[in-house]
2 protein chains.
Amino acid sequence: MDQTPAILPELQNLRNSIDNIDAAIIHMLAERFRCTQRVGVLKAEHDLPPADPAREKRQVARLRELAASAQLDPDFAEKYLAFVVREVIRYHEATARELAEKTAG
Amino acid sequence: MDQTPAILPELQNLRNSIDNIDAAIIHMLAERFRCTQRVGVLKAEHDLPPADPAREKRQVARLRELAASAQLDPDFAEKYLAFVVREVIRYHEATARELAEKTAG
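Residues numbered from 1 in each chain as written. Chains lettered and ligands numbered in written order. Predicted model: local features only at pLDDT ≥ 70, side-chain atom pairs only at ≥ 80, totals over all residues.

Peer 1: Go over the overall build of chain A, please, and point to the residues and values.
Peer 2: Helix and strand counts for chain A come out as three helices and zero strands. When the helices and strands of chain A are placed in sequence order, the string is α-α-α. Here chain A has a C-alpha radius of gyration of 20 Å; the compact-globule value for 105 residues is 13 Å, and the former is much larger. Projected onto the principal axes, the alpha-carbon positions of chain A cover approximately 70 × 30 × 20 Å. A buried classification covers 24% of the 105 residues belonging to chain A. A fraction of 53% describes how many contacts in chain A between residues 6 or more apart in sequence connect residues 24 or more apart. (Helix = DSSP H or I, 4+ residues; strand = E, 2+ residues; numbered from the N terminus. Rg over C-alpha atoms; globule rule 2.2 N^0.38 Å. Buried ≥ 20, exposed ≤ 12 C-beta atoms within 10 Å, placed from the backbone. Contact = placed C-beta atoms within 7 Å.)

Peer 1: So what's going on with the relation of the copies chain B and chain A? Residues and values would help.
Peer 2: The operation relating chain B to chain A is a screw motion whose rotation component is 180°, with 0.0 Å of axial translation and a residual RMSD of 0.0 Å. Here the copies are linked by what is in effect a two-fold axis. Ranked by how close their C-alpha atoms come to the rotation axis, the residues of chain B are headed by I25 of chain B, at 3.0 Å. In this assembly, 100% of the residues forming the interface of chain B have copies in chain A that are likewise at the interface, indicating an isologous arrangement. (Least-squares fit on C-alpha atoms with pLDDT ≥ 70 in both.)

Peer 1: Quick rundown of the interface of chain B and chain A? Include the residues and the values.
Peer 2: A common measure of how large an interface is: the accessible area buried when the components associate. The interface is formed by 39 residues belonging to chain B together with 39 residues belonging to chain A. At the level of secondary structure, the elements contributing two or more residues to the side of chain B that touches chain A comprise α1 (4-45), α2 (53-69) and α3 (74-104) of chain B. Considering each element in turn, the side of chain B that touches chain A owes the most residues, 25 residues, to α1 of chain B.

Peer 1: For the nonpolar core, give the residues involved together with the corresponding values.
Peer 2: Counting 32 residues, the largest nonpolar core has I26 of chain A together with I26 of chain B as its most contacted members. Residue assignment for this core shows that the elements contributing at least two residues are α1 (4-45), α2 (53-69) and α3 (74-104) of chain A together with α1, α2 and α3 of chain B. Look past the residues within four positions of I26 of chain A in its chain and what remains in contact with it is L63, L66, A67, A70, L72 and A77 of chain B. (Core = buried A, V, L, I, M, F, W, Y, C linked by C-beta atoms within 7 Å.)

Peer 1: Got a sec to walk through unusual backbone geometry? Specific residues and values, please.
Peer 2: Backbone geometry places D47 of chain A, a non-glycine residue, at a positive phi of 55°. Mapping D47 of chain A onto the fold places it in the loop between α1 and α2.

Peer 1: Tell me about α2 of chain B, residues and numbers included.
Peer 2: Residues and elements named next belong to chain B. With 17 residues, α2 ought to run about 24 Å at 1.5 Å a step, and its terminal C-alpha atoms sit 24 Å apart, in line with that. Among the residues making up α2, those that are buried are Q59, L63, L66 and A67. Axial view of α2: buried residues confined to an arc of 95°, hence all on one face. The exposed set on the far side of α2, more than 90 degrees from its buried face, consists of P53, A54, K57, A61 and S69. Q71, located one to two residues past α2, shows a positive phi value of around 55°. (Expected span 1.5 Å × (residues − 1). Arc of directions from axis to C-beta.)

Peer 1: Lay out the packing of α3 of chain A against α3 of chain B with the relevant residues and their values.
Peer 2: Where α3 of chain A contacts α3 of chain B, the two axes come as close as 11 Å, and the packing angle between them is 155°. The angle between α3 of chain A and α3 of chain B places the two elements in the roughly antiparallel class. In the packing of α3 of chain A onto α3 of chain B, the handedness of the crossing is right-handed. Residue-level inspection shows F76, K79, F83 and E87 of chain A of α3 of chain A in contact with α3 of chain B, the latter providing F76, K79, F83 and E87 of chain B. Residues belonging to the contact of α3 of chain A with α3 of chain B are distributed by class as follows: four nonpolar, no polar and four charged. (Axes fitted to C-alpha atoms, helices over the stretch in contact; angles between N-to-C directions. Parallel < 35°, antiparallel > 145°, perpendicular 65-115°, else oblique. Left-handed = near helix turned anticlockwise from the far one by under 90°. Nonpolar A, V, L, I, M, F, W, Y, C, P; charged D, E, K, R; others polar.)

Peer 1: Please give an account of α3 of chain B that cites residues and values.
Peer 2: Helix length check: α3 of chain B, at 31 residues, gives a terminal C-alpha distance of 45 Å against a target of 45 Å (1.5 Å per residue), a fit within 8%. Within α3 of chain B, the full set of buried residues consists of F76, A77, Y80, V84, V88, H92 and T95 of chain B.

Peer 1: With reference to specific residues and values, describe the environment of K79 of chain B.
Peer 2: You can call K79 of chain B partly exposed: it has 15 C-beta atoms within 10 Å. For the pair K79 of chain B and E101 of chain B, spaced 22 residues apart in sequence, the C-alpha separation works out to 33 Å.

Peer 1: Go over the confidence of the model for chain A with me, naming the residues and quoting the values.
Peer 2: Detailed reading of the predicted model is not advised wherever pLDDT is low. All names here are of chain A. When pLDDT is averaged across chain A, the result is 88; 92% of the residues are at 70 or more. α3 is the least confidently modelled element of chain A, averaging 86 in pLDDT, while α2 averages 96, the highest of any element. Here the prediction assigns the complex a pTM of 0.86, and the interface score ipTM is 0.86. (pLDDT = per-residue confidence, 0-100.)

What follows is the structure in structure tokens.
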């Protein structure tokens, strides 16, 4: 028996919520990147290393705790941070290279 | 010349914003997971495949457009979705396995 039509309205409803949440997250990520771009410029200008393991350790602990209180798997929160930090470091390294090229030019 | 102390207040200020944004995103992700867990149960109960390439294609196009309008690199938005979908599919597959074990037991 194919029950697919019966679940479609609930599935569609959930997908509408997921799409709204993704839109919100994309806008939060855009704002986060505005912050980290400025951090990247500051770090490059002042010869600070792109990565900061001590801060990242504190961030991981905090986000795991927040995730647990929101009943989200803390491992997922840690993976989220690792994903974002990895992307941000890529930008920081590119910023540092661009600045070095400008200074050398 | 070490200019680090002069930039510290601005760096700290940016980091406070980043921490607030991360907390908001973790809570949005928690809510997104509540939705996809229910989607996972529906899909497992009705033998629908965990992945849905047609929907994912529409999601990618939409999030890339939203990212561009928010001046976020569209590639980053696409990577975000790939990351979240990958994690969600892991949960869906686990849900399907658990249901199969229950039904078999």
